[in-house]
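Overview (structure and organization)
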Amino acid sequence: QWQLASREGVLPPYDRPFVMRELELFPQWYVGEYRKFTLDAAQRQVLDKSFAAIADKALSWPNVFMHRDFMPRNLMVSDAAPIPGKPCATHLGVLDFQDAVYGPITYDIASLMRDAFISWDEAFVLDVTVRYWERARQKGLLGTGELSTDFGLFWREVEWMGLQRHLKVAGIFARLGLRDHKPKYLADTPRFMTYIRATCSRYRELFPLLRLIDDIEDHPSLSGFAYGRV
C-alpha cells in the first residue's frame, strides 16, 4: 500500500551519489578500520568497478517509496481490531522510517529477506520473494517491461541490491563497533560476509570482488550457494 502511494519529489532520491556514498562505508570502516587491510591500486580498481556495476543495477528499475531498513525488528503487529472485511488481516506498524527515500523497488524486499540479524533457508526466501513479485506485478509496480514478466530477472536484481546493502551494513556495523563502542554489532558481520560471498559466487561479473573479499578476510574461496544459518 505504501509503495502504491509513491510519487517523485516527496522523499530524497536514492541516486548514484547516494548509492556510492553508502558503498564507500565498506572500504572505509570494514576493510580499513576493522580488518586493517590496505587496498593497493589494483584492488581499489576491482572495488570501484564492482561498485559501479552494483550502482548500475540498482538504478535500472522502477522507483518507489523505499523504507531503507525494512526488516523484522522494524515491523510490529498492532493490537487494534482486525481490518474489516479482511479475515485474519491485522494492522501492521512500521518503525524507523526516518531515513526513507525514493529508490529501487528491489531494495526493501532484499532488506527484509536478507536480514541483518536473522538468516533464513533459501527456499523460504524464494517463496516470500515470489509472493511479493506476484503482488507487485499485479498492482503495476514493476512496469510493463521484462522485470514484470521474468521472476528470474527480478530475483537476480534483488540479489544485487542485497549485495549493495550488505556491503553498506558491514561498514556501518564496523563503525558502530569501533567508533561508537557498540561491539555487539560486529558479532553479526559473519552473516554479511556469507551473504556477500553467496551472491558474488553466482555472477561472473562479481568473481573479482569475491576474490578480493577472500583476500581481505584471509579466507579460501567458497563454492555453492545457500542461506545457511550463521
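Residues numbered from 1 in each chain as written. Predicted model: local features only at pLDDT ≥ 70, side-chain atom pairs only at ≥ 80, totals over all residues. Heavy atoms only, no water.

1. A word on the overall build of the chain
For the chain, the count of helices and strands is eight helices and four strands. Sequence-ordered secondary structure for the chain, helices as α and strands as β, is α-α-α-β-β-β-β-α-α-α-α-α. Computed over C-alpha atoms, the radius of gyration of the chain comes to 18 Å, within 12% of the 17 Å expected from 2.2 N^0.38 for 230 residues, which places it in the range of a compact globule. When its C-alpha atoms are laid out on the principal axes, the chain stretches across 60 × 40 × 35 Å. For the chain, buried positions account for 45% of its 230 residues. (Helix = DSSP H or I, 4+ residues; strand = E, 2+ residues; numbered from the N terminus. Rg over C-alpha atoms; globule rule 2.2 N^0.38 Å. Buried < 20%, exposed > 50% of the residue type's maximum accessible area, 1.4 Å probe, protein only.)

2. Here we look at the nonpolar core
Within the largest apolar cluster, 62 residues are counted, with the highest numbers of intra-cluster contacts made by Tyr-14, Phe-154, Leu-163, Leu-167 and Phe-173. The element contributing the most residues to this core is helix H6 (residues 151–178), with 14 residues. Excluding its chain neighbours within four sequence positions, the residues that come into contact with Leu-163 are Ile-54, Ile-196, Thr-199, Cys-200, Leu-206 and Leu-209. (Core = buried A, V, L, I, M, F, W, Y, C linked by side-chain atoms within 4.5 Å. Contact = heavy atoms within 4.5 Å.)

3. Side note on a nonpolar patch on the surface
Residues Val-77, Leu-92, Val-94 and Phe-97 make up a contiguous nonpolar surface patch of about 390 Å² in total accessible area. If you trace the backbone, Val-77 turns up in strand E2 (residues 75–77). What makes Val-77 exposed here is its relative accessible area of 58%. (Patch = residues over 30% accessible without salt bridge, like charges linked within 9 Å, V, L, I, M, F, W, Y side chains within 5 Å. Areas by Shrake-Rupley, 256 points an atom, 1.4 Å probe, with all protein chains shown as cover. Salt bridge = Lys/Arg side-chain N within 4 Å of Asp/Glu carboxyl O.)

4. What about the pattern of salt bridges?
Note on pairing: side chains with opposite charge can pair once their charged atoms come close. All told, the structure shown has 15 salt bridges when counted by the stated rule. With a closest N to O distance of 2.5 Å, Glu-24 and Arg-44 form a salt bridge. Here Glu-24 is found in the loop between helix H1 (16–23) and helix H2 (25–34), whereas its partner Arg-44 is found in helix H3 (residues 41–58), with 20 residues between them in sequence. The class for Arg-44 is partly exposed, based on a relative accessible area of 22%. One continuous salt-bridge network, built from bridges that share partners, spans Glu-22, Arg-68 and Lys-168.

5. Considerations on the confidence of the model for the chain
Across the chain, the average pLDDT comes to 89, with 90% of residues at or above 70. Below a pLDDT of 50 lies the segment residues 220–230, which in the model reaches 21 contacts outside its immediate sequence neighbourhood of four places, other chains included. (pLDDT = per-residue confidence, 0-100.)

6. Section: unusual backbone geometry
Phi is positive for Arg-68, which is not a glycine, with a value near 85°. By relative accessible area, which is 18% here, Arg-68 ends up buried. Even without glycine at this site, Asp-96 takes up a positive phi of about 60°. Following the sequence through the fold, Asp-96 ends up in the loop between strand E3 (92–94) and strand E4 (101–104).

7. Describing the packing of H2 against H6
It is at 7 Å that the axes of H2 and H6 come closest, and there the two elements cross at 50°. Taken together, the axes of H2 and H6 lie oblique to each other. Crossing of H2 against H6: the hand is left-handed. Contacts between H2 and H6 involve Leu-25, Phe-26, Trp-29, Tyr-30, Glu-33 and Tyr-34 from the former and Leu-167, Lys-168, Ala-170, Gly-171, Ile-172, Ala-174, Arg-175 and Leu-178 from the latter. (Axes fitted to C-alpha atoms, helices over the stretch in contact; angles between N-to-C directions. Parallel < 35°, antiparallel > 145°, perpendicular 65-115°, else oblique. Left-handed = near helix turned anticlockwise from the far one by under 90°.)

8. Section: the environment of Leu-23
Along the chain, Leu-23 turns up in helix H1. Judged by relative accessible area, Leu-23 falls into the buried class, the value being 0%. In this structure the C-alpha to C-alpha distance between Leu-23 and Arg-135, which are 112 residues apart in sequence, comes to 30 Å. Apart from residues lying up to four places away in sequence, Leu-23 is in contact with Phe-51, Ile-54, Gln-164 and Leu-167.

9. Description of the environment of His-67
Residue placement: His-67 occurs in the loop between strand E1 (63–66) and E2. Here His-67 falls in the buried class, since its relative accessible area comes to 1%. Each C-alpha atom, one on His-67 and one on Tyr-203, is 27 Å from the other, the two residues being 136 residues apart in sequence. If we ignore the near neighbours within four places in the chain, the residues touching His-67 are Trp-2, Asn-74, Val-94, Leu-95, Asp-96, Phe-97, Asp-99, Ala-100 and Asp-108. At 3.3 Å, the side chain of His-67 forms a polar contact with the backbone nitrogen of Phe-70. At 3.4 Å, the side chain of His-67 and the backbone oxygen of Asp-96 are in polar contact. (Polar contact = N/O pair within 3.5 Å; in protein donor to acceptor, adjacent residues only side chain to side chain.)

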